[in-house]
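# Observations on the three-dimensional arrangement
Listed below, chain by chain, are the residues.
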Amino acid sequence: MYKILISDKLGQAGLDRLDEMDDMAYEMITGLSKSELIAAIPEYDALIIRSGTKPDADIIAAGEKLKVIGRAGIGVDNVDIEAATQNDVLVMNTPRANSVATAEQTMALMLAVNRNTTPAHNSLAAGEWDRATYVGSELDGKTLGIIGFGYIGRLVAHRAAAFGMNIIAADPYVSEASAAESGAQLLPLSELLARADIISLHSVVTPETLNMIDEGAIEQMKDGVVIVNVARGKLIDEQALADAISSGKVGAAALDVYQQEPPEGSPLIGLPNVLHTPHLGASSREAQRRVAVEMVEQVADALRGIEYRNVINPPA
Ligand code: MLT
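Let me sum up the structure you'll find in this document. Worth saying up front: this structure is predicted, and the values here are computed from it rather than measured.

All chains considered together, the criterion is met by 0 aromatic pairs. The residue whose ring lies beneath Lys-3 is Tyr-44, and the NZ or CZ to ring-centre distance is 5.1 Å. A cation over an aromatic ring shows up here: Arg-96 above the ring of Tyr-151, its NZ or CZ 3.8 Å from the ring centre.

Structural data, given as structure tokens:
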């Protein structure tokens, strides 16, 4: 019998799937501190997490029987991949299962921030009837700059094209031809920054992309540009963005992710012209069901030695 610790809340469909497996036992214990996790981990063969648990070198080293860390979702920036590789622990994610949810959240925020939906809602809820203050902008005819043109970036491109937007993209790992297949013109980043009316981030965090939207990048943008981030907060220097919103250089921002989550002390929270949601990109019922089922099946197959899908650190 293999033992799996699920240390962040996983969709019920995944737990139901595990219940059907005779060779897998699991416990879902959320909210463990680092020391509690270190104490608990030695008896488990696999750890399933979302973004809340942060398996670092100490936790991974304590996992005497640990063979797999399954990240139910896309981003593995909360896992110490190097430590996992050194300890022969496979790290796997579910790279596609919540992509549509994230692309739809991007469109929702892009529309809402351009049409002042939140302040208009708040005004009406406060008993006002103010139709003049909340005149917005259309997406139609605007140029959308997508930074990071992977699977989610392309889903956003397809949806934005249906709204009549012109799509440009920057991604050093993508060819012009492949971007064109998804309806985007591939450009160097500096050109994208200069041409986009709306910029949407879809990159992973690497040493190259960390704080990529900083003062220097913002200077290159059009005045009044709108920035949407449903990827990772660490892509944006929050103080630089807050200053640019206050000065009017950046017209508005719609943010689902933050340097620190929850974003205590972030200079962006509560600023006018900033719409924020609490990391809800993947939070659709459909995505959570897919993520949970795919992850438990991947982990079970890996523990049984049948198949290793979506492994981030193949050398392990
Ligand atoms: C992801 O990386 O899959 C999303 O950000 C959602 C999450 O963190 O659970």
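What follows concerns the packing of helix 5 (residues 99–114) against helix 7 (residues 151–162). Look at helix 5 against helix 7: their axes get within 9 Å of each other, and the N-to-C directions meet at 50°. By the angle between their directions, the pair helix 5 and helix 7 is classed as oblique. Considering only the axes of helix 5 and helix 7, their crossing is right-handed. On helix 7, the residues that touch Ser-99, Val-100, Thr-102, Ala-103, Glu-104, Thr-106, Met-107 and Met-110 of helix 5 are Tyr-151, Ile-152, Leu-155, Val-156, Arg-159 and Ala-160. Tallied by class, residues from the contact of helix 5 with helix 7 come to 9 nonpolar, 3 polar and 2 charged.

A few words now on the sheet that holds strand 8 (residues 185–186). Taken together, the 7 strands give an open sheet; going across it, the order is 8-7-6-9-10-11-12, and neighbouring strands pair in parallel fashion. Both outer strands of the open sheet, strand 8 and strand 12 (274–276), are each paired with one neighbouring strand and no more. Relative to strand 8, strand 7 (residues 166–170) runs parallel, the two being bridged by 2 bridges. Residue pairing across strands places Ala-169 opposite Leu-186, the latter belonging to strand 8. Across the face of the sheet, helix 11 (residues 238–247) comes into contact with strand 10 (225–229), strand 11 (250–255) and strand 12 while running at roughly 135° to strand 11.

As a further point, take the nonpolar core. Judged by nonpolar contacts, the single largest core of 31 residues is most densely connected at Ile-199, Ile-213 and Leu-241. In terms of nonpolar packing, the next biggest core, distinct from the first, is built from 29 residues, Met-110, Ala-112, Val-113 and Val-226 among them.

Let us now look at the site of the ligand. Neighbouring the ligand are the residues Arg-50, Ser-51, Arg-71, Gly-73, Ile-74, Gly-75, Asn-98, Arg-232, His-279 and Ala-282. Take Arg-71: an N or O atom from its side chain is 2.7 Å from an oxygen atom of the ligand. Asn-98 is positioned such that a nitrogen or oxygen atom in its side chain is 3.0 Å from an oxygen atom of the ligand.

What follows covers the environment of Ala-244. Mapped onto the secondary structure, Ala-244 falls in helix 11. Overall, Ala-244 belongs to the buried group, its relative accessible area being 7%. As a C-alpha pair, Ala-244 and Glu-219 span 25 residues in sequence and 8.8 Å in three-dimensional space. If we ignore the near neighbours within four places in the chain, the residues touching Ala-244 are Ile-218, Lys-249 and Val-250.

Rules and cut-offs
- All residue numbers refer to positions counted from 1 along the written sequence of the respective chain.
- With pLDDT at 70 or above as the cut-off, local features in this predicted model cover only qualifying residues; side-chain atom pairs require 80 or more to be listed or tallied, and sums for whole chains, interfaces and linings still use all residues.
- Side-chain numbers here rest on the full set of heavy atoms in the structure, without hydrogens or water.
- Working definition: rings of Phe, Tyr and Trp (its six-membered ring) pair if their centres are within 6.5 Å, and the pair is stacked with planes under 30 degrees apart, edge-to-face with planes over 60 apart, and tilted otherwise.
- In our convention, an over-ring charge means Lys NZ or Arg CZ found within 6 Å of a ring centre and within 35 degrees of that ring's normal.
- An axis is simply a line fitted to the C-alpha atoms; with a helix, the fit covers only the stretch in contact. Between two such axes, the angle follows the N-to-C directions and lies from 0 to 180 degrees.
- Under the DSSP-based scheme used, a helix requires at least four consecutive residues in state H or I and a strand at least two consecutive residues in state E, with every element numbered from the N terminus.
- In these notes the angle categories are as follows: under 35 degrees is roughly parallel, over 145 is roughly antiparallel, 65 to 115 is roughly perpendicular, and the rest is oblique.
- Each crossing is labelled by how the near helix is turned from the far one, with a counterclockwise turn of less than a right angle marking it left-handed and a clockwise turn marking it right-handed.
- Throughout, a residue-residue contact means that at least one pair of heavy atoms, one from each residue, lies within 4.5 Å.
- For this classification, the nonpolar set comprises Ala, Val, Leu, Ile, Met, Phe, Trp, Tyr, Cys and Pro, the charged set comprises Asp, Glu, Lys and Arg, and every other residue, Gly included, is treated as polar.
- Strands were regarded as paired on the criterion that DSSP finds at least two bridges between them.
- Here, nonpolar core means buried Ala, Val, Leu, Ile, Met, Phe, Trp, Tyr and Cys residues that are tied together by side-chain atoms lying within 4.5 Å of each other.
- Note on classification: 1.4 Å probe, protein chains only; a residue is buried when its accessible area is under 20% of the maximum for its type, exposed when over 50%, partly exposed between these limits.
- By convention in this text, a residue qualifies as near a molecule or strand provided that one of its non-hydrogen atoms is within 4 Å of it.
- Under this definition, polar contacts are N or O atom pairs within 3.5 Å; protein pairs additionally need one hydrogen-donor-capable and one acceptor-capable atom, and for neighbouring residues in sequence, both atoms have to be side-chain atoms.

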